[in-house]
Amino acid sequence: MTRAVTYRVTFIPGDGVGPELSEATRRVLEATGVAFDWDLQEAGADVMHRYGTPLPEHVLESIRTNGIAIKGPITTPIGTGFRSVNVALRKELDLYCCLRPCKWYPGVRSRYREVDLVICRENHEDLYAGIEFEQGEPETLELIEFISKLAGKPIRQDSGISIKPISVTGTKRIVHYAFDYARRYGRKKVTAVHKANIMKYSDGLFLATAQEVATEYPDIAFEDRIVDNLSMQLVQRPEEYDVLVLPNLYGDIVSDLCAGLIGGLGVAPGANIGDHAAVFEATHGSAPKYRGQNKVNPMAMMFSGMLMLRHLGEDEAADRLERALAAVIAEGTYVTYDMKPTREDPTAVGTSQVADGVIQQLESQG
Ligand code: NAD
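Once a new chain begins, its residue numbering starts again from 1 and follows that chain's sequence as written. For this predicted model, a pLDDT threshold of at least 70 governs which residues receive local features, and a threshold of 80 or more governs which side-chain atom pairs are given and counted, while totals over whole chains, interfaces and linings are taken from all residues. Neither water nor hydrogens contribute to the side-chain values; these are computed over all heavy atoms in the structure.

1. Here we look at the domain arrangement of the protein chain
And step 1. We note that the domain assignment places domain 1 (1-99 + 273-366), domain 2 (111-125 + 166-261) and domain 3 (127-164) within the protein chain.
And step 2. Bear in mind that the domain bounds are from an automatic or database domain assignment. Between the C-alpha centres of domain 2 and domain 3 the distance comes to 29 Å.
And step 3. Contact criterion: two residues are considered in contact whenever any of their non-hydrogen atoms come within 4.5 Å of each other. Taken together, the contact pairs 11 residues of domain 2 with 4 residues of domain 3.
And step 4. The term buried area means the drop in 1.4 Å probe accessible area that two parts suffer when joined, counted for both and summed. Among the residues domain 2 hides against domain 3, the three largest losses belong to Glu-125, Ile-166 and Leu-249. Together they make up 52% of the total.
And step 5. Any carboxyl oxygen of Asp or Glu within 4 Å of a side-chain nitrogen of Lys or Arg constitutes a salt bridge here. For the pair domain 2 and domain 3, the interface holds 1 salt bridge.
And step 6. Between Lys-164 and Asp-203 there is a salt bridge; the shortest N-O distance is 2.7 Å.
And step 7. Nitrogen and oxygen atoms within 3.5 Å of one another constitute a polar contact, given that in protein one can donate a hydrogen and the other can accept it, and given that sequence-neighbouring residues count only through two side-chain atoms. Joining domain 2 to domain 3, the criterion identifies 3 residue pairs in polar contact (both at pLDDT 80 or more).

2. What about a negative patch on the surface?
And step 1. Patch membership requires over 30% relative accessible area and the absence of a salt bridge. Like charges are linked within 9 Å, and nonpolar side chains (Val, Leu, Ile, Met, Phe, Trp, Tyr) within 5 Å. Only the protein chains shown count as cover for residues, with accessible areas throughout obtained via the Shrake-Rupley method and a probe of 1.4 Å. By the counting scheme adopted, Arg and Lys are positive, Glu and Asp are negative, and His together with the chain ends is not counted. All charge positions are set by atom: Lys at NZ, Arg at CZ, Asp at CG, Glu at CD. Taken together, Glu-134, Glu-137, Glu-139, Glu-142 and Glu-145 make up a surface patch of like negative charges.
And step 2. By the secondary structure assignment, Glu-142 is in helix α5 (residues 138-151).
And step 3. Each residue is placed in one exposure class: buried if its accessible area under a 1.4 Å probe, protein chains only, is under 20% of its type's maximum, exposed if it is over 50%, and partly exposed if it falls in between. Residue class for Glu-142 comes out exposed when judged on its relative accessible area of 59%. Strands here are runs of E lasting at least two residues and helices are runs of H or I lasting at least four, both read from the DSSP assignment and numbered beginning at the N terminus.

3. A short note on unusual backbone geometry
And step 1. Phi is positive for Asp-94, close to 50°, though the residue is something other than glycine.
And step 2. Position of Asp-94 among the secondary structure elements: in the loop between α4 (85-92) and β4 (97-103).
And step 3. Not every positive phi belongs to a glycine, and Glu-114 is a case in point at roughly 60°.
And step 4. Tracing the backbone shows Glu-114 in the loop between β4 and β5 (116-122).
And step 5. The class of Glu-114 is exposed, set by a relative accessible area of 61%.

4. A look at the packing of aromatic side chains
And step 1. The rule is short: rings of Phe, Tyr and Trp, with Trp giving its six-membered ring, pair when the centres are within 6.5 Å, and they are stacked under 30 degrees, edge-to-face over 60, tilted in between. One pass over the structure, following the stated rule, counts 9 aromatic pairs.
And step 2. A centroid spacing of 5.2 Å and a plane angle of 55° characterise the contact between Phe-11 and Trp-38, whose relative ring orientation is tilted. Within this pair, whereas Phe-11 is found in strand β1 (residues 6-12), its partner Trp-38 is found in strand β2 (residues 35-40), the two being separated by 27 residues in sequence.
And step 3. Using a relative accessible area of 8% as the deciding quantity, one classes Phe-11 as buried.
And step 4. With a centroid separation of 4.9 Å and an interplanar angle of 20°, the aromatic rings of Tyr-105 and Phe-303 are classed as stacked.

5. A few points about the site of the ligand
And step 1. Proximity is defined per residue: any heavy atom of the residue falling within 4 Å of a molecule or strand makes that residue near it. Close to the ligand lie 20 residues, the nearest being Ile-74, Thr-76, Glu-281, Gly-285 and Ala-287.
And step 2. In this structure, Ile-74 approaches the ligand through a main-chain N or O atom, which is 2.9 Å from an oxygen atom.
And step 3. The contact in question runs from an oxygen atom of the ligand to an N or O atom on the backbone of Thr-76, over 2.9 Å.
And step 4. For this classification, Asp, Glu, Lys and Arg are treated as charged, while Ala, Val, Leu, Ile, Met, Phe, Trp, Tyr, Cys and Pro are nonpolar and the rest, including Gly, are polar. The residue makeup of the shell around the ligand, split by class, is 8 nonpolar, 8 polar and 4 charged.

6. Points about the nonpolar core
And step 1. Counting residues in each nonpolar core, the largest one holds 91 residues, and the members touching the most others are Phe-36, Leu-244, Met-299, Met-308 and Val-358.
And step 2. If you tally residues by element for this core, the top one is helix α10 (residues 299-311), at 9 residues.
And step 3. Excluding residues within four positions of it along the chain, Met-308 makes contact with Val-9, Leu-29, Phe-36, Trp-38, Ile-68, Ala-69, Ile-70 and Phe-280. Note on terminology: a nonpolar core comprises buried Ala, Val, Leu, Ile, Met, Phe, Trp, Tyr and Cys residues joined through side-chain atoms within 4.5 Å.

Now the structure itself:
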């Protein structure tokens with residue numbers, strides 16, 4: 001098939017099982033007929049000895065230039081003083097939305113059916129802003145004294161402190177993103193999640209800002225839920241939710257809860273999106289113990305590739321890839337150990353064979 005458009009995309013294989021998953025995903029994406037010009041970039045533990053950092057500047061530059069990247073998971077080196085590459089990418093490129101569509105496909109082993117919701121998690125603020133004060137340090141004691149005086153409430157001297165900033169600016173853009181997403185993909189409702197009854201000036205501001213933004217989208221229903229109530233309802237009636245928009249911490253926890261609802265890490269895709277760049281990646285990590293074994297499930301990364309196709313406006317190719325993945329899952333032959341009835345099932349196939357199965361399905365769709 002000849003096409004007018006060729007997409008230049010930064011391609012980061014990652015480390016651990018990343019390279020195997022990335023290769024399987026690359027083959028499947030190319031089999032959709034969309035033309036890619038991959039800008040191969042290496043990041044992670046494996047490049048530290050060459051560049052002195054797991055995230056070299058030229059990798060960031062490549063994503064800034066191309067505006068889009070797909071990446072395999074990257075190990076966070078422990079005890080080296082380097083921050084997580086995944087966190088650094090989000091900060092450096094201002095990827096303020098962590099997007100996690102959670103959809104159940106027939107054939108996936110899960111206690112739940114009919115789950116099809118989308119999580120938009122704010123990526124920079126909240127308790128994850130990294131503003132922390134260690135217990136016992138002089139500046140911590142100074143801060144404790146200052147706050148105790150200012151707020152008129154005592155804080156114990158032996159406290160550690162993490163600051164929770166939530167801004168109108170940060171909230172507006174994530175809530176706008178959630179509503180724009182709902183419009184673009186024909187979703188009916190946005191639910192803002194918070195604990196505004198307790199944290200009036202951080203979560204309360206998030207809620208008030210979300211309510212204000214919602215008035216600009218009269219075509220999309222809006223509601224809010226307190227995070228503890230939402231957690232209970234998600235395990236009782238997940239089908240009642242559509243698009244969820246959450247501050248960083250609740251978003252992190254609820255994302256994993258919802259990944260569990262749809263069958264776990266092997267099938268949970270994701271993306272980190274900003275106004276100028278988007279990075280598509282599976283929810284799971286680099287599973288180092290399975291490295292090089294052609295064993296783990298590439299579907300989460302393939303579904304992330306499907307999200308990338310949609311982001312590029314290649315909806316028809318994205319639909320075909322989704323149908324092909326759904327068919328492979330439903331048939332249950334070309335699937336890895338984690339999707340079989342037992343983990344020791346001898347009929348489980350390897351990572352690259354899943355790609356073969358998906359490509360066969362794509363070809364049979366014509
Ligand atoms: P992990 O997701 O790598 O693995 C946890 C377990 O989940 C694995 O042992 C495996 O049993 C299972 N699993 C994960 N992916 C799977 C797949 N595709 N198919 C089948 N089973 C799968 O989590 P971890 O062990 O906590 O983290 C390992 C490393 O990955 C850490 O260094 C962590 O910082 C990093 N990490 C990276 C990312 C990212 O790149 N975005 C995300 C999370 C964790």
